[in-house]
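# Descriptive analysis of the structure
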Amino acid sequence: MTFPNINYKATNTELDTELQTLLEQKFTGLEKYLGTETDIKCDVEFDKVAPKQNGEVFRVEANLWLAGTLYRAEATEVNFETAIDEVQAELDKELRRAADKQSTLMKRGGRRLKEMLRFGS
């Protein structure tokens, strides 16, 4: 499965194809958490914070809806490339945590069911 279409938005900056390509390459690593889910939507916003002239002025925000659950990440860095890396890492962490939680709940339910069948209560 490939990563779903990404909706881009640019505020106070111009969006070039190099940033889009870089973002799509980074987000392909998140495909392992998507599985066979078809209800996926991804919005990414690139923003240049206006009041500042230097320093951390480039902001990237990503909203990923996966099966009705919103995963959100935001980073403000010295360039867009670093901000994209931070956003990808944060989304990866959130998706991994959700997958681990789901797996743990399934195992816990299975243990409980087995215990109920064994002791008849």
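Read on for a plain summary of the structure.

What follows covers a negative patch on the surface. A cluster of acidic residues, Glu14, Asp16, Glu18 and Glu81, forms a negative patch at the surface. Structurally, the position occupied by Glu81 is in helix α2 (residues 80–119). A relative accessible area of 39% places Glu81 in the partly exposed class.

Turning to helix α1 (residues 17–27), its buried residues are Leu19, Leu22, Leu23 and Phe27. Taken end-on, α1 shows its buried residues confined to a sector of 125°, consistent with a single buried face. Exposed positions of α1 whose direction lies more than 90 degrees from the buried face are Thr17, Glu18 and Gln25. Where α1 is buried, its residues touch β1 (6–11), β2 (40–48), β3 (58–66) and α2.

Okay, the sheet that holds β2 next. Strand order across the open sheet formed by four strands is β1-β2-β3-β4, with mixed pairing between neighbours. Whereas interior strands pair on both sides, the edge strands pair on one side only; in this sheet they are β1 and β4 (69–77). Each strand of the sheet is rotated relative to its neighbour by a mean of 10°, with strand direction disregarded. Against the sheet, α1 makes contact with β1, β2 and β3, and its axis sits at roughly 135° relative to β1, the strand it touches most. Across the face of the sheet, α2 comes into contact with β2, β3 and β4 while running at roughly 150° to β4.

For residues other than glycine, phi is negative in most cases, and the peptide bonds are mostly trans. If you check the backbone angles, Asn12 has positive phi at about 60° while not being a glycine. Tracing the backbone through its elements, the reader meets Asn12 in the loop between β1 and α1. Notably, Ala67 is not glycine yet its phi reads approximately 55°, a positive angle. If you trace the backbone, Ala67 turns up in the loop between β3 and β4. Judged by its relative accessible area of 43%, Ala67 falls in the partly exposed class.

A word on the pattern of salt bridges. Going through the model one piece at a time under the given rule, you end up with ten salt bridges. For the salt bridge of Lys26 with Asp85, the shortest nitrogen-to-oxygen distance reads 2.9 Å. With a gap of 59 residues between them, Lys26 in helix α1 and Asp85 in helix α2 connect regions that are remote in the sequence. On the basis of relative accessibility, which here comes to 31%, the residue Lys26 falls in the partly exposed class. For Asp85, a relative accessible area of 33% corresponds to the partly exposed category.

Thresholds applied
- Residues numbered from 1 in each chain as written.
- Predicted model: local features only at pLDDT ≥ 70, side-chain atom pairs only at ≥ 80, totals over all residues.
- Heavy atoms only, no water.
- Patch = residues over 30% accessible without salt bridge, like charges linked within 9 Å, V, L, I, M, F, W, Y side chains within 5 Å.
- Areas by Shrake-Rupley, 256 points an atom, 1.4 Å probe, with all protein chains shown as cover.
- Salt bridge = Lys/Arg side-chain N within 4 Å of Asp/Glu carboxyl O.
- Lys, Arg positive; Asp, Glu negative; His and termini not counted.
- Charge placed at Lys NZ, Arg CZ, Asp CG, Glu CD.
- Helix = DSSP H or I, 4+ residues; strand = E, 2+ residues; numbered from the N terminus.
- Buried < 20%, exposed > 50% of the residue type's maximum accessible area, 1.4 Å probe, protein only.
- Arc of directions from axis to C-beta.
- Contact = heavy atoms within 4.5 Å.
- Pairing = 2+ DSSP bridges.
- Axes fitted to C-alpha atoms, helices over the stretch in contact; angles between N-to-C directions.

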